[in-house]
Each structure stands twice: as C-alpha cells, then as structure tokens.
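The primary structure of each chain is shown beneath.
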Amino acid sequence: MTNEEILSKLKEAFPDVAIQVQTEETKDFTLIVPAERLVDVATHLRDHLGFDYLSDVTSVDYPDRFEVVYHLFSMKRGGGVLTLKVHLPDKEHPEVDSVTPIWPGANYQEREVYDLMGISFRNHPDLRRIMLWDGFPGHPLRKDFENRLYTYKELEPTRPKPPNW
Amino acid sequence: MLKTETITINMGPQHPSTHGVFRMVLTLNGETIVDLKPMFGYLHRGLEKTSESRTYLQAVPFTDRLDYICSMSNNFAYAVAVEKLAGIEVPLRAEYIRVIMAELTRLVNHMLAVGFLFNDLGAWYTPVVYAFRERERILDLFEMASGSRMMCNYIRPGGVAADLPAEFLPQLRKMIPHLENFVREIRFYLSDNEIFKARAVGVGFLPADMAVAYSITGPVLRASGVKYDVRKAEPYSIYDQFDFDVPTQVAGDVYARYLQRLDEMDESLKILRQAVERIPEGEYATKVPSRLRPPKGEAYARIEAPKGELGFYLVSDGSPNPYRWRNRPPSLINLSALREMCLGHKVADVVTILGSIDITLADVDR
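This is a predicted model, so every value here is computed, not measured. (Residues numbered from 1 in each chain as written. Chains lettered and ligands numbered in written order. Predicted model: local features only at pLDDT ≥ 70, side-chain atom pairs only at ≥ 80, totals over all residues. Heavy atoms only, no water.)

*Asks:* I'd like a description of the overall build of chain A, backed by residues and values.
*Replies:* Counting secondary structure elements, chain A contains 4 helices and 7 strands. Ordering the α and β elements of chain A from the N terminus gives α-β-β-α-β-β-β-β-α-β-α. Looking at the 165 residues of chain A, the share that counts as buried comes to 54%. Partitioning the contacts of chain A with sequence separation of at least 6, the portion at a separation of at least 24 is 49%. As presented, chain A carries roughly 7,900 Å² of accessible surface, and 51% of it is formed by carbon and sulfur atoms. (Helix = DSSP H or I, 4+ residues; strand = E, 2+ residues; numbered from the N terminus. Buried < 20%, exposed > 50% of the residue type's maximum accessible area, 1.4 Å probe, protein only. Contact = heavy atoms within 4.5 Å. Areas by Shrake-Rupley, 256 points an atom, 1.4 Å probe, with all protein chains shown as cover.)

*Asks:* Would you mind going over the pattern of salt bridges in detail, with residue names and values included?
*Replies:* Residues and elements named next belong to chain A. Using the criterion set out here, one finds 47 salt bridges over all chains in the structure. Of the charged contacts in the structure, one is a salt bridge between R37 and D40, with a shortest N-O distance of 2.8 Å. Note on D40: relative accessible area 35%, which makes it partly exposed. A salt bridge links E67 to R65, with the nearest nitrogen and oxygen atoms 2.7 Å apart. The buried category is assigned to E67, whose relative accessible area is 1%. (Salt bridge = Lys/Arg side-chain N within 4 Å of Asp/Glu carboxyl O.)

*Asks:* If you had to explain the sheet that holds strand β3 (residues 32-39) of chain B to someone new, which residues and values would you point to?
*Replies:* Residues and elements named next belong to chain B. Here 3 strands make up an open sheet; going across it, the order is β1-β2-β3 and the pairing antiparallel. Two strands close off the open sheet at either side, each with one partner strand: β1 (7-11) and β3. Across the sheet, the axes of successive neighbouring strands diverge by a mean angle of 25°, strand direction being ignored. As defined by bridge partners, strand β2 (residues 23-29) adjoins β3 across 7 bridges and the pair is classed as antiparallel. When the bridges of β3 are listed, R23 appears paired with M39. Lying on the sheet, helix α14 (residues 347-357) is in contact with β1, β2 and β3; it crosses β2 at an angle near 145°. (Pairing = 2+ DSSP bridges. Axes fitted to C-alpha atoms, helices over the stretch in contact; angles between N-to-C directions.)

Next comes the structure, spelled out in structure tokens:
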C-alpha cells in the first residue's frame, strides 16, 4: 500500500477530520491528526489498514507546542514507517487520549512520556512515573528544565515517597 | 473452610535472577502469581537528555552504554539514524564490516541469553562458562578492530572508526566452523535435557496476536510464530544482498524462545560466511565533519538488534546538537507482556520467564 493510498483511504473514512501531511523537514511519511480524533484514526489504521504494530511513542517539546509522535508499522505487510503526530498547543496542561486500549504495548512508553515530558494521557490504565521517583520536581526532557540548578535545598523535597502499592 | 489471603512480595532490585537492578512487585496466592508489577528506573542515567547537549558524534559512546552486551548493534542503529537524517552515503566495505560486527554481536548476545537462562534454572554457571569462553573469542575480535572489548564505539556515522586489521578476517574465517560447532554442541547437550524441558515447555506462553499487540519484537516475537524481522521486512544497510532465513517457532513458550535463539545463531553464521567471502576492498568511511550539522528535519530509523527492534528518532534544528534524541529500547517494550506471561504460574517460573525474554537493565532504564 503506497502512502497516497493510505492517505486517500483515511480521508474517505474520516471526511470531517483535518488530516494533514507534513511535507517539510521529515524523512518519513508523516500525518498530523487532530488530538480529539486520534483514537478513532488509530483504531481505523489498526483494523482496516493493517498497521497492527505500534513501534514507538515519543514526544518533542517545541517552543509553541508539544508533539506526541507515534511510529506505526505493519507486521503483515512489512515495509516502512507511518508517523502519526498530534500537536498539543496547550503548554500548561498538555493532555491527549491514550492509545493503550488499542495497542497495549504503548503502556510503558506513554508512562515514560508522562514522566519525562509531562504530557498526561486520558484513559491510561496506570499513569505513574516510570523512570524517576514520585515527587521528582519537573519533567527533564522539557526544554525549560534546567538541570544545573540542582542544589541541596532543591533536592530536599525530591526524596522518594514511601511505596505506593 | 480455610481462610486465605494474597501476599505482596518484592523480587529485586538486588536479586541474582533479575539480571540487574530490576524490581517486580508480585502478588501471590499461595505460590501462584495473581499480579505482577515491574518497577524500573534504578539505572536511569538520562541519556536522552544528556545527548541533547552533545554533538551527534559525541553521542555515539552513549549508545554503547544502552545495552552493554550488544554495543556494536547500538552504534549501528544510531549510525543508520544519523545517516538517514543527514543523507550520508556509506562505502560498501564499511557496510560489510558493519554487518559482520552486528552478526557477531547477535552471536554474543544469544550465547549469553541461553547461558544465563540455564543459570536462572539452577544449572549454576556451567553452561555460562562455555558461553563465556566463546564470547571471549569474539570479544578478542572486537578488541582487534576497535581497541575495546565491550564499549566498542566502532561504528560511526559515515562508516566505521578504523579499517579492519590484516589478521581480522583470517581469524574470523577460522572461527566460523568453530562457532557452528559450538551451536551444535549446545543443542546436543542441552536441548533434550529433561529437567530443562520440565521447567521450560509450556511455561510463559505468549500467543502471536498478543505479542503483536504488545509491540514485542525480536526472538520473543518470532518464537510466538510471527515471521517478522526488520532485516527482511524493511532491509537496511546491505541485508537485502544476503541469503538467510527468518526462523520461527510455533509454541511461544520458554523452550521455543531458547530454540529460536539457537536457530538465529545458525542464520547469523550463514550471513557471516557470505560476508567474509564477499567483503570488498576500499574505503572504510566517508568523511563526516566532527561538528556535523544535519539539515533541519527528523528521521526514525531502526535495525534488528539481537534483543529486538532498536530504533532512534532524531530531530535536528540545524544546529550541531540534536533537538531531540529518542531511543526506542527493545528490552523495555518486550517487558510489557511480562505480566501476561507470568499470571497463573509459580514464583520459580517468573525467574525462567524473565530469563527467556532476555533483557539488559541498562537498555530498560537508559
């Protein structure tokens, strides 16, 4: 299935959703989906277009927005990557629907995005920090996180909390 | 009526069978697992953040430390990603050297995976000693080429760090039959072991559809019967020029994963034989500036690392430092099905199942 076919089939299925193709600055075929319709588009991609394998969930912090990036492949067909992107212009409280109900393999990766980038996922079954401890101040992968500011005073409230199981 | 209640215990982070600092919170009913929660982060070093303040080439040694058993594969994946981002061509000889190194790394990893699986089962260090003996010979080759045994830092964007020394290929040629014999030996001594079979057959079953849904990759996926290998599905480097198969198993249990690793070692040796025959003379690297400035853009590239799909997602803003440096670790994502594999089994089987997934904690926590 070529990229044009994927795009036309998606447009056919979702005539009301503004699906854009990112043409500049990317080496892969990239679609930008509105955040509120992400789950619908992702379910359609999995069930009808054969993208059954979610390889990677990650996020990028740009000056004007957060981006959550999904890399999809097809295990049945093989072939190249389909990059799915969601723009989150709200820098204060970025939030997007979780795709863990669609691909359970997204679980830990979304927790990692939540931990290190501070983007929360609605409907995630177990949204906790994964790498850092509970009570760590801030989210290190954000560009405004200044790691040189570590002082003893600031480390004080970051001591691990008692276990929460 | 007996009154029973479940108990919660910690396995790890200091536990010999967790292959590093990894903690599992087990909820037990008697000795049966009813819930399992993996806990990560004891080895988190923030490599993604650190690499954002380094240049593209300075980040290569960090990739060695992701999965320290397979440093060459990690270098390879990162180099492929940078080359895709910056549009760098690689000379043919360098591609052959890379394939040789990647397949040797796969042999090293699978040897250790098989050896330590038996360690977890209680065959205390006897199979591992033999695996280590062969691994040492391969590490000698790595040292010959790169100067380091484990943290090789050898495959760089644009090619490799130095040409192969003159005695490398003759020695590798001598070693290939020896390694083939080693795989045969493992099969002969271990595959039909009754104790091993009693502990491994039917334990940790993972059905194929669940493996795909949980984004499992590598030998664990193929042991469940899904014929998917990045080297065939989306060939990178020169893997489309080699003649090899993608072995699969049907059973999807611990025993199938063990057999899968042995089969993959055979295929790696097949690739090595062809590569040693066909490696051409020529340049070993294209010149890449030390302060490489890729054009503004982003790229995702992946390779079939020994543990599964290893990907790198790089975003460049045109400056010498990457804007975003993301590593897709195979070990962490293969762990996402650990709970499903373990439910209903006994505590002792958790050790076996974890050993059969084959994780490196440095790759899980990064």
